[in-house]
Amino acid sequence: MTALDRQLVYLRFGALLVPLGMAAVLPVHSVIAVVALCGVMGLYNAIPALMVQANPAWRLSPRAALLLLALDHVVVSGWIVLFSGSSSQLPFLLYALVAAEAIFRFELWGGIGTSIYFVCGLLLFQLIGLDVAVSVRDTLLRAVPTVAGFTTLGAAVRAMNHEIRGTRRRLMQTEQLRQVLSELVGELDLSRILHTVIRCGMELLQMERGVVALREAEDAPLTIRAVVRMSAALTGTTATPERGVFGRVLQDRRTVAIDRPPWFDHPGMAQVPAAMVVGTPVVVDNTVRGVLCLAGDEPYRQLTRWEQEALELLGQQLAAALRNLRLFEEAEQRARRLALLNHSIDRMNQKLFEPELLDSMAVALIEYLDVTVAQLWLSESPDGTLWRRASQHRTTLPPPLPSPLPRGESEIGQVAELRVPIVTNDPLHHRQVTPNPWFEDEGIRAFAGFPLLVQDQMLGVLAVYHRRPLDRNTVELLMLFAQHAATAIQEANLFHLSTEQTGRLEAINAELNRANQHKAEFLANMSHELRTPLNSILGFSQLLLEGDGGALGDEQRQDVEIIAQNGRHLLALINDLLDISKLEAGKAQLHRGEVDVAELVNECVEAIGSLARTKKIQLSSDIRPDIGRVYGDRPKIKQILLNLLGNAIKFTDTGSVSLRVERQGADVRISVQDTGIGVPPEDRERIFESFQQGRSGQSGKYQGTGLGLAICRRLVEMHGGRIWVESTPGRGSTFAFTIPQRAFPEALALPPAA
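Below is a summary of the structure that appears in this document. Counting restarts for each chain: residues are numbered from 1 in the order of the written sequence. pLDDT decides what is reported in this predicted model: residues at 70 or higher carry local features, side-chain atom pairs at 80 or more are listed and counted, and totals for whole chains, interfaces and linings draw on all residues regardless. Hydrogens and waters are ignored; side-chain quantities use all the structure's heavy atoms.

What follows is about the overall build of the chain. The numbering of helices and of strands both runs from the N terminus, where a helix is a DSSP run of H or I of at least 4 residues and a strand a run of E of at least 2. Helix and strand content of the chain: 18 helices and 18 strands. When accessible area is computed with a 1.4 Å probe and restricted to protein chains, residues below 20% of their type maximum are described as buried, those above 50% as exposed, and intermediate ones as partly exposed. The proportion of buried residues among the 754 residues of the chain is 41%. For this analysis, residues touch if any pair of their heavy atoms sits within 4.5 Å. Once local pairs closer than 6 in sequence are excluded, the contacts in the chain between residues at least 24 apart make up 63%. Surface accessibility follows the Shrake-Rupley procedure with a 1.4 Å probe radius. Residue values consider only the protein chains on display as shielding. With the model as given, the accessible surface of the chain reaches about 40600 Å², and the carbon-plus-sulfur share is 55%.

Structural data, given as structure tokens:
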């Protein structure tokens, strides 16, 4: 029972007080009859009240409400008859209460029925001779405004109720539409999306069945994708838009309502029962991609503005859901293809330095990117001629292209000639694709060729043929693949080239090592052979100078001294050659021991002092007292010192030469400073190489073999140290080297253990 029903029942119980009150103040034919009628009214109104108490969900049916209203009219008529002797109009107030109930319950027809009953009752009372204080004329005069008033009130109530019900229904439908739209957000199941939209549309427009037809492109046929309360066999079939709802919606691009057959442009839907069909377009990216149709069994009616807007909004939301679904599928497909592309690139990298690299690229295109034909052409000649080096295909026959292929011929040669990609989904009519019956025989609908470029160097062409049109994502992936393929091919070429060059260099190095070994052996042998007679010459020269062969004249002594001097110079050269040959051959060895640095330095300064005095050069040494000893080869360190001191005196005409010894961390630093000609910056590294001299040595003024500093560097490095030069041309040089001390100086001698 509704709240209105309960209120009307309770109102009836309250209305019983009206006739009882009138019986107390107005003349009445029978008070007992008035009370009896009140009891009768209370009795039949108690029945629905008791039903509600027993079952709150019980509802007063329209027939029961009409029966109660009729009984109310009879009882009210009885009360009017009982109060007919009074001139008061109060008894007719009961008619107003009954009329109000009739109007609020049955709207317009309640008002009309109550008015007619009221007028007819008065006329009947006049005709049967009741003493009613209203004449027939007055009754008729009052009947017209009464009927008009009650009818107008009933019409107003009906309109208000209709508006309330419509507003309530629209609110419910709006809430339902909101729920449907929220369900569509993020939904990725196309079937569920379509069925949800159809059922929502059926609820909004109070239709009995619905269907959605979609198409892939503007010129593609419509396909039934979902139906509700129709044969499931229709799903997946094709509709031909003509005069039905599909054709009219596609043509007008707006919502269309049809009131007569043909309803649908589909032979299988000709028997679908309908009295009205409504369709709205599904527009995606300014293209009608489908139609949402609803069919009803009720007679044709004009859609309200709210219904039309709600249906169009539903179509727009379906278009948005389809767009989101397409974007998701494209993103998912792109992600899958990118994963496959990464896998193919990894596979390519694994085969980078193997002969089957190109074959693995073609296989990856077939397997991972699902193309029909994949070929790799390489440019291996100066004229740009292309050679097919890898090919994979799923067709009956491969593309009938010759190999080698001159640059500029066919679509492959055009890619190499233009050095830009050529992509087309209509190869039969593309101006840069050579027509070939093979395209039609194999059903080829797309071609894509990409130049393999690395820093403007043309390596070849990657060519792909496909039986389906290539979309943008596929083309982008193919372009990425081509870039990685070009890089891989370039790296493979560089690897093979470097491998060949490495082999050649290894062979050359081996040959040079053998030649160097032979040179070292030759120098060692020749040095030995030269030193034997040279020692004899020096020995006999010394004997002659000592007078063993008799007294020598002044000129003879001078000649013998020249022989001895040149012999000693030649012996020094031979010793240098022998030392450098041993060092280069790796045969030189260090005989380490503790070396008193101060003693060794003083010995070298004393040995070279006569040469300094001859050139009038001041020679000095500065040895720090905390130097102590070093652990090294004493003769080799002495050879280094004599070489550096000899060079300093040799390249110094005037001035001084000083030798300084100091500690530098865990090393001993020995430096020889002179005021000679200096070393240019460009010669500071070269002079430490074998047989190399500075510009002063090359001028011929200062003679030498260019081996002294090379020997010094090798000996220093054998000790674990390093040697370098600091110089200012024209002002002098400082040659310094370090040797790890690896021995405790005397100043740091440890006390005996306790």
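Expected helix span is taken as 1.5 Å per residue step, with the number of steps being one fewer than the number of residues. In this model, helix H4 (residues 62-82) (21 residues) spans 30 Å end to end at C-alpha, consistent with the 30 Å of a helix rising 1.5 Å per residue. Within the sequence span of H4, burial applies to Ala 65, Leu 68, Leu 69, Asp 72, His 73, Val 75, Val 76, Ser 77, Trp 79, Ile 80 and Leu 82.

Of the two site types, the cavity is a set of points on a 1 Å grid over the protein atoms alone where a 1.4 Å probe fits but cannot get out, and the pocket is an open set with protein on both sides within 12 Å along at least five of seven lines, each lined by residues with an atom within 4 Å of a point. Grid points are joined across faces, edges and corners, and a volume is the space filled by probe spheres set on the points. Following the criterion strictly, the structure yields four cavities of 30 Å³ or more and no others. Roughly 70 Å³ of internal volume is contained in the second largest cavity. Lining the second largest cavity, in full, are Val 595, Val 597, Leu 600, Val 601, Val 630, Ile 637, Leu 641, Val 668, Ile 670, Phe 737 and Ile 739. Of the residues forming the lining of the second largest cavity, the biggest block, three residues, is contributed by helix H15 (residues 597-614).

With respect to the helices, strands and loops of the structure, Val 597 is situated in helix H15. With relative accessibility at 5%, the residue Val 597 sits in the buried group. On a C-alpha basis, the gap between Val 597 and Val 661 in space is 8.5 Å, while along the polypeptide they are 64 residues apart. Not counting residues up to four positions away in its chain, the partners in contact with Val 597 are Ile 627, Gly 628, Arg 629, Val 630 and Val 661.

The next subject is a nonpolar patch on the surface. Like-charged residues within 9 Å of one another, or nonpolar side chains (Val, Leu, Ile, Met, Phe, Trp, Tyr) within 5 Å, are grouped into patches, provided each residue has over 30% relative accessible area and no salt bridge. By definition, a salt bridge exists where a carboxyl oxygen of Asp or Glu is found within 4 Å of a side-chain nitrogen of Lys or Arg. Where nonpolar side chains cluster on the molecular surface, the patch consists of Leu 17, Leu 20, Val 31 and Val 35 and spans about 350 Å² of accessible area. Mapped by element, the contributors of at least two residues to the nonpolar patch are helix H2 (17-25) and helix H3 (31-54). Position of Leu 17 relative to the elements: it lies in helix H2. Note on Leu 17: relative accessible area 62%, which makes it exposed.

The next subject is the nonpolar core. We call a set of buried Ala, Val, Leu, Ile, Met, Phe, Trp, Tyr and Cys residues a nonpolar core when their side-chain atoms join them within 4.5 Å. Membership of the largest hydrophobic core comes to 39 residues, with the highest contact counts inside it found for Leu 641, Leu 644, Leu 659, Val 661, Phe 735 and Phe 737. Of all the secondary-structure elements, those providing two or more residues to this core are H15, helix H16 (634-650), strand S15 (656-664), strand S16 (667-674), helix H18 (708-718), strand S17 (723-728) and strand S18 (732-740). What Leu 644 contacts, discounting residues up to four positions off in sequence, is Val 672, Leu 709, Ile 723, Phe 735 and Phe 737. Counting residues in each nonpolar core, the second largest holds 33 residues, with Ala 362, Tyr 368, Ala 446 and Leu 452 among its members.

Here a pair means two rings of Phe, Tyr or Trp (six-membered ring of Trp) with centres within 6.5 Å. Their orientation is stacked below 30 degrees between planes, edge-to-face above 60, and tilted elsewhere. Scanning all chains against the criterion turns up six aromatic pairs. Aromatic side chains Trp 438 and Phe 439 sit 5.6 Å apart centroid to centroid with 65° between the ring planes, which places their arrangement in the edge-to-face category. For Trp 438, a relative accessible area of 7% puts it in the buried group. Look at Phe 439 and you get buried, because its relative accessible area is 2%. Note on Trp 438 and Tyr 465: the rings are 5.3 Å apart at their centroids and 85° apart in plane angle, and the pair reads as edge-to-face. Here the residue Trp 438 occupies a position in helix H12 (residues 437-442), and Tyr 465 occupies one in strand S11 (residues 457-466), the gap between them amounting to 27 residues. Overall, Tyr 465 belongs to the buried group, its relative accessible area being 1%. Lysine NZ or arginine CZ positioned within 6 Å of the ring centre and within 35 degrees of the ring normal marks a charge as sitting over the ring. Positioned above the aromatic ring of Trp 724 is the side chain of Arg 722, whose terminal nitrogen or guanidinium carbon lies 4.0 Å from the ring centre.

Counted by the stated rule, this structure contains 21 salt bridges. A salt bridge links Arg 209 to Asp 297; the shortest N-O distance between them is 2.9 Å. Of this pair, Arg 209 sits in strand S1 (residues 209-214) while Asp 297 is found in the loop between strand S6 (287-296) and helix H9 (305-350), placing the two residues 88 residues apart along the sequence. When its relative accessible area of 42% is taken as the criterion, Asp 297 is described as partly exposed. In this structure, Arg 305 and Glu 309 form a salt bridge, with 3.0 Å as the shortest nitrogen-oxygen distance. Note that Arg 305 and Glu 309 are positioned in helix H9 at a spacing of four residues, about one turn of the helix. Assessed through its relative accessible area of 41%, Glu 309 is described here as partly exposed.

Right, let's talk about the sheet that holds strand S9 (residues 422-424) for a bit. Read across the open sheet, the five strands follow the order S8-S7-S11-S10-S9; overall the sheet is antiparallel. Strand pairing shows two members of the sheet lacking a second neighbour, strand S8 (386-393) and S9, which therefore form its edges. For this sheet, the mean angle separating the axes of adjacent strands, direction not counted, is 15°. A strand pair is defined by DSSP finding two or more bridges across the two strands. Examined bridge by bridge, strand S10 (residues 446-454) and S11 share nine bridges and lie antiparallel to one another. Along S11, the bridge assignment pairs Gly 449 with Ala 463. The sheet strands contacting helix H10 (residues 357-368) are strand S7 (373-379), S8 and S11, and the helix crosses S8 at an angle near 40°. This element, helix H11 (residues 410-418), spans S7, S8, S9, S10 and S11 of the sheet and lies at about 145° to S11. Note on definitions: angles span 0 to 180 degrees between N-to-C directions of axes, and those axes are lines fitted to C-alpha atoms, for helices only across the stretch in contact.

Attention now moves to the sheet that holds strand S13 (residues 618-623). Overall, mixed pairing links the five strands, which are arranged S13-S15-S16-S18-S17 in an open sheet. In this open sheet, the two strands that pair with only one neighbour each are S13 and S17. Averaged over all adjacent pairs, the angle separating strand axes in this sheet is 15°, with direction ignored. Bridging between S16 and S18 involves seven bridges; their strand directions are antiparallel. The residue bridging Arg 669 from the neighbouring strand is Thr 738, located in S18.

Another aspect to go through is H10. An ideal rise of 1.5 Å per residue puts 16 Å on twelve residues; H10 measures up with 16 Å between its terminal C-alpha atoms. Residues of H10 that are buried: Leu 357, Leu 358, Ser 360, Met 361, Ala 362, Val 363, Ala 364, Leu 365, Ile 366 and Tyr 368. In the segment just after H10, Asp 370 is the residue with positive phi, at about 60°.

The residue Glu 546 is located in helix H13 (residues 472-546) in this model. Put simply, Glu 546 and Arg 557 are eleven residues apart on the chain and 9.9 Å apart in space, counted from C-alpha to C-alpha.

Now for the packing of H2 against H3. Their axes nearest at 10 Å, the elements H2 and H3 cross at an angle of 175°. Taken as axis vectors, H2 and H3 run roughly antiparallel relative to one another. Where H2 abuts H3, its residues Pro 19, Leu 20 and Ala 23 lie against Val 34, Val 35 and Cys 38. Residue polarity is assigned by list, with Asp, Glu, Lys and Arg as charged and Ala, Val, Leu, Ile, Met, Phe, Trp, Tyr, Cys and Pro as nonpolar; anything else, Gly included, falls into the polar class. Its residues assigned to classes, the contact of H2 with H3 comprises six nonpolar, no polar and no charged. Here is the rule for angles: anything less than 35 degrees is roughly parallel, anything more than 145 is roughly antiparallel, 65 through 115 is roughly perpendicular, and the remaining ranges are oblique.

With that settled, the discussion passes to the pairing of S10. Of all nine residues in S10, eight are buried; the element is thus mostly enclosed. Between S10 and the antiparallel strand that follows it, S11, lie two residues; Gln 455 among them carries a positive phi value of about 50°.

Attention shifts here to the packing of H15 against H16. Contact geometry for H15 and H16: axes closest at 10 Å, N-to-C directions at 35°. Both H15 and H16 take part in a crossing whose hand is right-handed. Facing H15, whose interface residues are Glu 599, Leu 600, Val 601, Glu 603, Cys 604, Val 605, Ala 607, Ile 608, Leu 611 and Ala 612, H16 presents Arg 634, Ile 637, Lys 638, Leu 641, Leu 642, Leu 645, Gly 646 and Ile 649. Split by residue class, the contact of H15 with H16 holds 13 nonpolar, one polar and four charged. The sense of a crossing depends on the near helix, which, turned anticlockwise from the far helix by less than a right angle, makes the crossing left-handed and, turned clockwise, makes it right-handed.

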